[in-house]
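Listed here are the chains, written in short residue letters.
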Amino acid sequence: MQTCLSRRGVFGGHAASRRSSVVVRAEAIAVPAPFTKVDPKGDRVLVRVAEEEVKTRGGILLPPSAIKKPTSGEVVSLGDGRLGNGEVRPFYLKQGQTVVYSKFGFMYSDLKLSNGEEYILIREDDVIGIMPRANAQAEDVPELQPLADRVLVRVEEVSDVTLGGVILPDSAKERPLSGTVVRTGPGKYDKDAEGKRKAMTIHPGDKVLYFKYAGDNMETPEGAKYVVLREDDILCKA
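Residues numbered from 1 in each chain as written. Predicted model: local features only at pLDDT ≥ 70, side-chain atom pairs only at ≥ 80, totals over all residues. Heavy atoms only, no water.

So the rule is basically this: UniProt positions are given in the numbering used here, feature names are shortened, and annotations may be inferred rather than shown by experiment.
The chain has the name 20 kDa chaperonin, chloroplastic in an unreviewed UniProt entry, where Volvox africanus is given as its organism. Its UniProt record gives the chain the following Sequence similarities (unreviewed entry) comment, quoted word for word: "Belongs to the GroES chaperonin family."

A few points about the pattern of salt bridges
Defined as follows: A side-chain nitrogen of Lys or Arg and a carboxyl oxygen of Asp or Glu constitute a salt bridge if their distance falls within 4 Å. Segments assigned H or I by DSSP are reported as helices when at least four residues long, segments assigned E as strands when at least two residues long, and all are numbered from the N terminus. Only protein chains enter the accessibility calculation, which uses a 1.4 Å probe; a residue is then buried when its area is under 20% of its type maximum, exposed when over 50%, and partly exposed in between.
Evaluated as defined, the whole model comprises 14 salt bridges. Notably, a salt bridge pairs Glu143 with Arg133, separated by 3.4 Å at the nearest N-O pair. A residue pair is termed long-range when its members are at least 10 positions apart, and Glu143 in the loop between strand E11 (127-130) and strand E12 (145-146) and Arg133 in the loop between E11 and E12 qualify at 10 residues. Note on Glu143: relative accessible area 40%, which makes it partly exposed. Here the salt bridges share partners, and the residues they tie into one network are Asp43, Arg44, Arg123 and Asp126.

Re a nonpolar patch on the surface
Counted only if it meets this: Each patch is built from salt-bridge-free residues with over 30% relative accessible area, joining like charges within 9 Å and nonpolar side chains (Val, Leu, Ile, Met, Phe, Trp, Tyr) within 5 Å. The Shrake-Rupley method, run with a 1.4 Å probe sphere, supplies the accessible areas, and residue values consider only the shown protein chains as cover.
Together, Leu209, Phe211 and Leu235 make up a nonpolar patch on the protein surface, roughly 280 Å² of accessible area in all. Assignment of secondary structure puts Phe211 in the loop between strand E15 (207-210) and strand E16 (216-219).

Section: the sheet that holds strand E14 (residues 178-184)
Spelled out, the test is: DSSP bridges decide pairing: two strands pair if at least two such bridges lie between them. To get an axis, a line is fitted to the C-alpha atoms, and for a helix only the part in contact is used. The angle between two axes follows their N-to-C directions and goes from 0 to 180 degrees.
Here we have six strands laid out as an open sheet, ordered E16-E17-E13-E14-E15-E18, and antiparallel in their pairing. Since the sheet does not close on itself, it has two edges, and those belong to E16 and strand E18 (234-237), each with one partner. Averaged over neighbouring strand pairs, the angle between their axes works out to 40° when direction is ignored. Two elements, E15 and E18, share three bridges in a ladder whose sense is antiparallel. Across the sheet, residue Tyr210 finds its bridge partner in E18, namely Ile234.

As for the side chain of Glu231
The cut-off we apply is this: Under the convention used here, Asp and Glu are negative, Lys and Arg are positive, and both His and the chain ends fall outside the count. It only takes one pair of heavy atoms within 4.5 Å for two residues to be counted as in contact.
Residue position: Glu231 is located in the loop between strand E17 (225-230) and E18. Lacking a salt bridge, the buried Glu231 has Lys188 as its closest oppositely charged neighbour, with an N-O distance of 6.9 Å. Those residues in contact with Glu231 that lie beyond four places of it in its chain are Asp149, Met200, Thr201 and Ile202.

Focus: the pairing of E11
Summarising the sheet, strand E8 (residues 98-101) and E11 pair through three bridges and their orientation is antiparallel. Bridge pairing in E11 places Tyr101 opposite Val127. With two bridges joining them, E11 and E12 adopt antiparallel strand pairing. Directly across from Gly129, in E12, lies its bridge partner Pro146.

Observations regarding the sheet that holds strand E7 (residues 72-78)
In space, the eight strands of this open sheet follow the order E4-E9-E10-E6-E7-E8-E11-E12, with mixed pairing throughout. Because the sheet does not close on itself, it has two edges, and the strands there are strand E4 (29-30) and E12. Direction of pairing for strand E6 (residues 44-49) relative to strand E10 (residues 118-123): antiparallel, over a ladder of five bridges. Across the sheet, the residue bridging to Arg48 is Tyr119, located in E10.

With respect to the confidence of the model for the chain
Put simply, the rule is: Note: pLDDT gives the predictor's confidence per residue, expressed from 0 to 100.
Chain-level pLDDT for the chain is 77 on average; 71% of the residues reach the 70-or-more range. Mean pLDDT across the secondary structure elements of the chain bottoms out at strand E2 (residues 10-11), with 30, and peaks at E12, with 97. For the stretch residues 1-25, pLDDT sits under 50, and the model shows 60 contacts to residues farther than four places along the chain or on other chains. Below a pLDDT of 50 lies the segment residues 61-70, which in the model reaches 17 contacts outside its immediate sequence neighbourhood of four places, other chains included.

Regarding the packing of aromatic side chains
The geometry of two aromatic rings is summed up by the distance between their centres and the angle between their planes. Applicable threshold: For this analysis, a ring pair means two rings from Phe, Tyr or Trp (six-membered ring only for Trp) whose centres lie within 6.5 Å, classed as stacked if their planes differ by under 30 degrees, edge-to-face if by over 60, and tilted for the remaining angles. Geometrically, a lysine NZ or arginine CZ counts as sitting over a ring once it is within 6 Å of the ring centre and also within 35 degrees of the ring normal.
With the rule as written, the count across this model stands at zero aromatic pairs. Across the ring face of Tyr189, the terminal group of Arg197 is positioned such that the distance to the ring centre comes to 4.2 Å.

Some remarks on the nonpolar core
Nonpolar side chains in soluble globular proteins generally cluster together in the buried interior. Selection criterion: Nonpolar cores were defined as sets of buried Ala, Val, Leu, Ile, Met, Phe, Trp, Tyr and Cys residues, with membership established by side-chain atoms within 4.5 Å.
Counting 13 residues, the largest nonpolar core has Val47, Leu93, Val99, Ile122 and Val127 as its most contacted members. Secondary structure elements with two or more residues in this core: E6, E8, E10 and E11. Discounting residues that sit within four places of it in the chain, Val47 has contacts with Gly73, Glu74, Val75, Val76, Val99, Tyr101, Glu118, Tyr119, Ile120 and Ile122. Core analysis: the second largest hydrophobic core is formed by 12 residues, Val151, Ala214, Val227 and Ile234 among them.

Below, the structure written as structure tokens:
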């Protein structure tokens, strides 16, 4: 068995080219047939991409328009934690956990092995959070455990009717900017204190206002809306 070792994915001794933070992505990197395993390096984790969710846990089939490219999967392996400055950071994630990640503008690599299995090589800091169980679905979002300095917020719905009694169409509603903190991450690493994290200043139960376009939005099958924010995206709390 041949192993592929890299800080960002080196195949046969050639490093994958560094990508800028843009939305448009290239095709997944096809790992050559001799390689049957990928070992991440540094602060990166290897995640096996989940299958598309075509129906809810209750058995309701989703229409094609509701089926999205998976952004969740199982942690297969972890790097050695070594950073470029020589610091070694312990991982919060563990093998076997189901995680949710964002593919918007982050530094990551899509990988596809010769057997057809799809993986993503991503920094732990770019993982949004940990789902409560394997094969997690949208209905499990309220139990998500955020990572780093992220917080899970239950979004406060906006009114459908103006003070004058006029019913607003969806296109005329302002996007919600407030909500209640459900759960917080362990905090981000403190650059001035090796191996230690900064304490979170936001806590479960806090009412918060946040930047309009911040965070990663999620919704349960029942229509409950959540957003995962960085602590810096929160404007104020009550």
